[in-house]
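Here is how the chains run, residue by residue.
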Amino acid sequence: MAEIKLILLDFDGTLVDTRDANAYAYIKTLSEVGIAISKEEYLEKYFGVRCMEFLRMVGVADSAEIDRLRRRKVELYPNYFDNVRLNTALWQWCKMMRSMGAKVWIVSTGHIDNIRNVMRYLRLDNEVDGIISGDDVSRPKPYPDCFIKAMQIEGVSPEETIIFEDSHVGIAAAKSSGAAYVRITDF
């Protein structure tokens, strides 16, 4: 087995439990335009779906309105950060591996502003070697593009990489990348 040189972490649901914070921010945002959605509905049907796709799925069709609502959600999101929870066991392992020379990246379909805001809140903003967000690749998960991009930037092979994921689309992308992966089911 090759030495692990790169650790790629999905963000929402893997490194950080952001389900409730995302749900509450979206519920508030959508309520402002007359769209009612419950926390349970959001978590069951939409958690992990890219923002623009999610807004289209709930009936927002206009591109300008989608962008406005996305920005509003980003603005409201920090109000619910008392609901986020770090996967402490995974993070401690990553810190140990980083101290031994491995690189640690966040690779998420989430929006970069949301990721950075949560990272700042958890005081992790200077603790990773890079972030690839949904804005950085043209094809999101289940395509492996985001993982392959991080490997290329760091100059490592799939055999030197391990990916941590929680979603079906993330696992599909991890498999397609050729790297080893671990499915996070709860923390």
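Below or above, wherever it landed, is the structure these notes cover. What you see as residue numbers is a count from 1 along each chain, following the sequence as written. Confidence filtering applies because this is a predicted model: local features only for residues at pLDDT of at least 70, side-chain atom pairs given and counted only at 80 or more, and all residues used for totals across whole chains, interfaces and linings. Computation of side-chain values: all heavy atoms of the structure, hydrogens and water removed.

A word on the pattern of salt bridges
- Take a side-chain nitrogen of Lys or Arg and a carboxyl oxygen of Asp or Glu: if they are within 4 Å of each other, that pair is a salt bridge. Inspection of every chain in the model, using the stated rule, returns 15 salt bridges.
- Taking the shortest distance from any N to any O, the salt bridge between arginine 70 and aspartate 67 comes out at 3.2 Å. Separated by three residues within a single helix, arginine 70 and aspartate 67 lie in helix 4 (residues 63-76), roughly one turn from each other.
- A single network of salt bridges, built from pairs that share partners, joins Lys28, Glu32, Arg72 and Glu75. Secondary structure elements follow DSSP: runs of H or I no shorter than four residues count as helices, runs of E no shorter than two count as strands, and numbering proceeds from the N terminus.

Describing the sheet that holds strand 6 (residues 161-165)
- Following DSSP output, two strands are said to pair if at least two bridges run between them. Within the open sheet, the five strands sit side by side as 5-4-1-6-7. Their pairing is parallel. What marks the edges here is a single partner per strand, and that holds for strand 5 (130-132) and strand 7 (180-183). Across the sheet, the mean angle from the axis of one strand to that of its neighbour is 20 degrees, orientation sign disregarded.
- Whether two residues touch is decided by their heavy atoms; if any such pair falls within 4.5 Å, the residues are in contact. Think of each axis as a best-fit line through the C-alpha atoms, taken over the contacting stretch in the case of a helix, with angles from 0 to 180 degrees between the N-to-C directions. Along the sheet, helix 5 (residues 88-99) makes contact with strand 1 (6-9), strand 4 (103-107) and strand 6, crossing strand 1 at roughly 155 degrees.

Remarks on the nonpolar core
- In plain words, nonpolar cores are sets of buried Ala, Val, Leu, Ile, Met, Phe, Trp, Tyr and Cys residues tied together by side-chain atoms within 4.5 Å. Remark: exposure states derive from per-residue accessible area (1.4 Å probe, protein chains only) relative to the maximum for the residue type, with buried under 20%, exposed over 50%, and partly exposed in between. Membership of the largest hydrophobic core comes to 26 residues, with the highest contact counts inside it found for Ile7, Leu9, Phe11, Leu15, Trp91 and Ile106.
- Secondary-structure elements contributing two or more residues to this core are strand 1, helix 1 (19-31), helix 5, strand 4, helix 6 (112-121) and strand 6.
- Ranked by the residues each element gives to this core, the list is headed by helix 5, at four residues.
- Those residues in contact with leucine 9 that sit more than four places away from it in its chain are Leu15, Leu90, Trp91, Cys94, Val104, Trp105, Ile106, Val107 and Phe164.
- Counting 15 residues, the second largest nonpolar core, distinct from the first, contains Leu8, Cys146, Val156 and Ala174.

Some thoughts on the pairing of strand 4
- Of all five residues in strand 4, four are buried; the element is thus mostly enclosed.
- Direction of pairing for strand 1 relative to strand 4: parallel, over a ladder of four bridges. Paired with leucine 6 across the bridge in strand 4 is lysine 103.
- Across three bridges, the pairing between strand 4 and strand 5 is parallel. Across the sheet, residue valine 107 finds its bridge partner in strand 5, namely isoleucine 132.

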